[in-house]
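Structural description and commentary
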Amino acid sequence: MKVRTNRLDKPNRTTSERHRRSLLAAAAIALGGSLLLLLGAGWLQHGVSKMAISGLGAVLLIGALTGIFRTLDFSTPRLVNGTPRQLAWIRILVCLTALIFTVMEDLPALSSMPLEMRNNYQFFHLLHTIPGYSSLLSNAHLLGALQWTTAALLMLGLIGFQTRIALLLGGFGFLLLQAILRDYTYQYHSGLVLVYLVLVLPWTACGATWSVDCWLNRKKYEPGRQSAGFGVYACFIVMALIYLMSGLSKLRDSGLDWVRGDNIEQRLVEDALSPIFLDYKWKATVWLVQHHAPGLVFTVIGTFGLVVELGYVGVLFSRTAQIIMPIAALGVHVGVLVFQHILFLELLILQFIFLDVDWVANFWRPHFRTGEQTVNAQVSNGIRPRPLSYLPVVATALVAATFLVAWVWSVEYYPLSAWRMYSTPEHKGPFLYFKIIATLENGSSIVIPTRDLSPALLPNARYLLARVFHATRRSEIFDRFLAAYVRRRNRNLTFGSPISSMEVQRWRWNYTADPNDPRFGWLTDVYPYDATSKPSSSR
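Read on for an overview of the structure. (Residues numbered from 1 in each chain as written. Predicted model: local features only at pLDDT ≥ 70, side-chain atom pairs only at ≥ 80, totals over all residues. Heavy atoms only, no water.)

What about the nonpolar core?
Spelled out, the test is: Residue types Ala, Val, Leu, Ile, Met, Phe, Trp, Tyr and Cys, when buried and joined through side-chain atoms within 4.5 Å, form a set referred to as a nonpolar core. Buried means the residue's accessible area, taken with a 1.4 Å probe over protein chains only, is under 20% of the maximum for its type, while exposed means over 50%, and partly exposed covers the values in between. Helix and strand assignments follow DSSP, with helices taken as H or I runs no shorter than four residues and strands as E runs no shorter than two, numbered in order from the N terminus. Residues count as neighbours in contact if any of their non-hydrogen atoms are within 4.5 Å of one another.
Phe69, Ile180, Met239, Phe478 and Met502 are the most contacted members of the largest nonpolar core, which has 127 residues in total. The greatest single-element share of this core, amounting to 16 residues, is contributed by helix H10 (residues 225–254). Once residues lying within four places of it in the same chain are set aside, the contact partners of Met502 are Ile436, Ile437, Ala438, Ile448, Leu453, Leu482, Tyr485, Val486, Tyr527, Pro528 and Tyr529. Among the nonpolar cores identified, the runner-up in size contains 10 residues, and Ala272, Val286, Val289 and Tyr511 belong to it.

Some thoughts on unusual backbone geometry
Omega for the bond connecting Tyr414 with Pro415 falls within 30 degrees of zero, at 5 degrees, which places this linkage in the cis form. Mapped onto the secondary structure, Pro415 falls in the loop between strand S1 (412–413) and strand S2 (416–417). Here the phi dihedral of Leu278 falls at roughly 50 degrees; this positive angle occurs in a residue that is not glycine. Along the chain, the position of Leu278 falls in the loop between helix H11 (261–272) and helix H12 (284–290). Exposure remark for Leu278: the relative accessible area of 34% places this residue in the partly exposed category. The phi torsion at Trp419 lies on the positive side, around 55 degrees, for a residue other than glycine. With respect to the helices, strands and loops of the structure, Trp419 is situated in the loop between S2 and strand S3 (431–440). With relative accessibility at 1%, the residue Trp419 sits in the buried group.

Some points on the packing of aromatic side chains
Let me state the cut-off plainly: Pairing of aromatic side chains here covers Phe, Tyr and the six-membered ring of Trp, requires ring centres within 6.5 Å, and sorts the geometry by plane angle: under 30 degrees stacked, over 60 edge-to-face, intermediate tilted. Remark: a charge is flagged as sitting over a ring if the NZ atom of Lys or the CZ atom of Arg is within 6 Å of the ring centre and within 35 degrees of the ring normal.
By the definition in use, this model includes 25 aromatic pairs. Aromatic pair Phe69 and Phe74: ring centres 6.4 Å apart, planes at 55 degrees, arrangement tilted. Phe69 sits in the buried class, given a relative accessible area of 3%. Ring pairing ties together the aromatic residues Phe431, Tyr433, Trp507, Trp509, Tyr511 and Phe520, which thus form one cluster. In this structure, Arg70 packs its charged tip against the face of Tyr390, placed 4.0 Å from the ring centre. The residue whose ring lies beneath Arg182 is Tyr188, and the NZ or CZ to ring-centre distance is 4.0 Å.

Here we look at the sheet that holds strand S6 (residues 522–530)
How we decide: Whether two strands pair depends on DSSP finding at least two bridges between them. Every angle, taken between N-to-C directions, lies between 0 and 180 degrees, and every axis is a line fitted to C-alpha atoms, over only the stretch in contact when it is a helix.
Strand order in the open sheet formed by four strands is S4-S3-S5-S6, with antiparallel pairing between adjacent strands. Pairing within the sheet leaves two strands with one partner each, and these edge strands are strand S4 (445–448) and S6. In this sheet, adjacent strand axes meet at a mean angle of 25 degrees when their direction is disregarded. For S3 and S4, the ladder comprises four bridges, and the chain directions are antiparallel. Bridge pairing links Ala438 to Ile446 in S4. Of the strands in this sheet, S3, strand S5 (499–509) and S6 are in contact with helix H19 (residues 462–470), which crosses S3 at around 90 degrees.

In structure tokens:
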């Protein structure tokens, strides 16, 4: 009787498998069509047709992804290493990185900033209407409480204690903290992907293992590989879409002209003279310019970066790409740090979410615990797991559609972004940059890095400085900003002696005409500030 039942079940399984493949093929076709619609809409001008096409593409994308997610088998290692350990590893890495971003900022110092420096547009305007928000910004103790409460919650998420609640509250705190930093600067991109991942993780089973919750309740139900695999895949989707949108923005705004050597060279030189990190006297980009590096060198640099951004989406389809693309992206971000002096710390660390931790455990465990059973990847026993419920798959599809629609419409509304980083083309020629010179009470003068002037650690302050020279009169708000900076640095005698006066200098360098100029251009304008007296009404 048992054999007869198996023979009867085999045709049923075959029919079911054929039906599944046909559904998957139909959903894949719909996915391709939706992506074509969204890509086409991205190149259209604003209008009714763009709205209709992008709306249709978004709806079709949500339906296609929902069908694909419910049809795919995330329990098989052919797609992702979808074990609870892999998901826990992502939780640990994301929380650790978000924790670093939280504690490295001096959030209480923002209380000394003029409230008029805030950005009164879009999401920040919405924040300003919340009762008590202005009081929060002007109170160093409240800002410190927000910062360290968020850090504590992220630490709880890292160790996996009350994991879901800690991640939900910690994610909200991190979202608010990053918004406050942008409120006083601009909509910069570093840290945004962390916001997305911290908000995605609470809805996954990321605390099922390698957590205090698991240790306290060993009989707790362990999620199946299907749900764990989908949680891992959802995090991969966030990473893939960020890179894809960045590459597509460059193609939309510049086309293939973006990889032109002149464009890349101009970008690199401008950033090298306004360094945020690795501010050494020797600069790799300046060295290339002074040694007359051919345009092909810069074209290769730009092409490699663009190919990596566009090709990163391959991590959603290939286990091989999950090895190659993170390594290539690491190379890109190290190059950005060396040539542009810009640190995307989170994107350097988050490449390791693709590390197969079960493979690492299987490789190392025999060397340290020879008598213990190794970790074995779960394999399918021939029985397909039950499809995922509609709520997680629809939510993930909605997130993906929201990201792509934001790209179509070039949205910059925190925390959404079209990721238009360096997407517009440049031509070789003279450019402006800034120096900050401080005179100390002991008579010595020092150059203050522009990053030190910024109220946030990661963004560049040159955008703030540029606005000062656009005005025809002194800026009272900027003087108050400099006064707050001087008080903060003099309080701790950061430079060994109090600051008595400062100069914000604007320089112009025509590196194409005189690349070996030891001064890197000439001084064109000065904004003086006397820390010992009140500013006059005019410059």
